[in-house]
Amino acid sequence: MGTKVNLDRRNFLIGGVAAGVAGVTAAAIHDGELGAPPQTIRGSVPWKEGTADAPPGAYGSGYVYFTTVEAAFVEAAVGRLIPNDPVGPGAVEANVPFFLDRQLAGPFGRGDHYYLGGPWPKGTPEQGYQSRFSPAQLYRAAIAAIDQYAGANLGAAFSALATADQDKLLKGLESGDVKLDGGVDSKSFFAMLLQNTKEGYFSDPIYGGNKDMGAWKMIGFPGAHYDYKEWVSRHGERVPYPTVSFKGRPGWTER
C-alpha cells in the first residue's frame, strides 16, 4: 500500500510538472482566462512588461450570438432596466446589448467557470447559479419562453409591448410570479440579466459596453489610471483626472 501511494504521488508530481510546462507555453495566449504559470520567486517580485494576461477586447459591429428576435428582446429589456435620461445614458445608448452579445458568444456564454453537471434540484440563493443551462443557453431558452408568455398573455412579443407592460412583465420575472416553459426559472434569468446589464454598463469599454465611458463620466469615475495611491486618504475630493479606459481616451493613438 505504501508503494502504491508513493507511485501515485510521483505520477501526480510528474503530471504537475507537465502541466506547469504547458502553462508556460499557454501564457503567450492572452484570452483573459489564464492563470499565472507556476514559478518560484525569491527576493523582490519580478515584473516584465507584456507578461500579464490581457482582457479580451470586443471588436466588430453587429451581433454574432443574438438572432434578430433575441436582439429585439434584449434591447427592449435592458432599455427598461437602465432607461435613458438627462442624468446619463441608458443601457442601449451605452452599448450594453453589444456587450451581452459578445459575452454570450465567448467563454462566459459557454459557462467556462460554471459547474453545469447534475443533479439540478432547485437551490437556494446562497448556493449561487443552479441550472443545466450555460449562460448562453439560458438566455436563448428564456427569451423564447418570455416571448411565448408575452404573446399568450399580453398579445405580442416582449419588444412590441407598451413600456408599462414590459415593466410589469420584468417585475413578474424578478419576483418569480411569471412561470416560463422550457425548464427556465424566471427569477434566475432575471437576476442574470440584471447583473450582466450592470456589468456591461459600468465595465471598461474594451469589453464593448459603457460606450464613450458615459457611465463612468456620469458617476465621476476617472477610469483605469495607473494608480490612485495619492487619493486614498483624500475622502470626498473629486479626482481631477480625465476619464480613461484600458485602451486610453479620445485623442490617444495606439502604437
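Residues numbered from 1 in each chain as written. Predicted model: local features only at pLDDT ≥ 70, side-chain atom pairs only at ≥ 80, totals over all residues. Heavy atoms only, no water.

J.: I'd like a description of the side chain of Thr 197, backed by residues and values.
T.: Take Thr 197: it is sitting in helix H7 (residues 186–202). Exposure remark for Thr 197: the relative accessible area of 0% places this residue in the buried category. Residues in contact with Thr 197, not counting those within four places in the same chain, are Val 78, Leu 81, Ile 82, Ala 91, Val 96 and Leu 100. (Helix = DSSP H or I, 4+ residues; strand = E, 2+ residues; numbered from the N terminus. Buried < 20%, exposed > 50% of the residue type's maximum accessible area, 1.4 Å probe, protein only. Contact = heavy atoms within 4.5 Å.)

J.: Residue-level account of helix H5 (residues 135–154), with values.
T.: Its 20 residues place the ends of H5 27 Å apart at the C-alpha level, agreeing with the 28 Å of an ideal helix rising 1.5 Å per residue. Those residues of H5 that fall on the buried side of the exposure criterion are Pro 135, Ala 136, Leu 138, Tyr 139, Ala 142, Ile 143, Ala 145, Ile 146, Asp 147 and Ala 150. Buried positions along H5 lie against helix H2 (68–81), helix H3 (96–104), helix H4 (107–110), helix H6 (163–175) and H7. Gly 155 lies just past H5 and shows a positive phi near 90°. (Expected span 1.5 Å × (residues − 1).)

J.: Break down unusual backbone geometry for me, with residues and values.
T.: In the Ramachandran plot, Asn 95 falls in the positive-phi region, its phi being about 70° despite a non-glycine side chain. Overall, the relative accessible area of 28% leaves Asn 95 in the partly exposed class. For Met 213, which is not glycine, the phi dihedral falls at a positive 60°. Counting through the fold element by element, Met 213 comes out in the loop between H7 and helix H8 (214–219). Using a relative accessible area of 5% as the deciding quantity, one classes Met 213 as buried.

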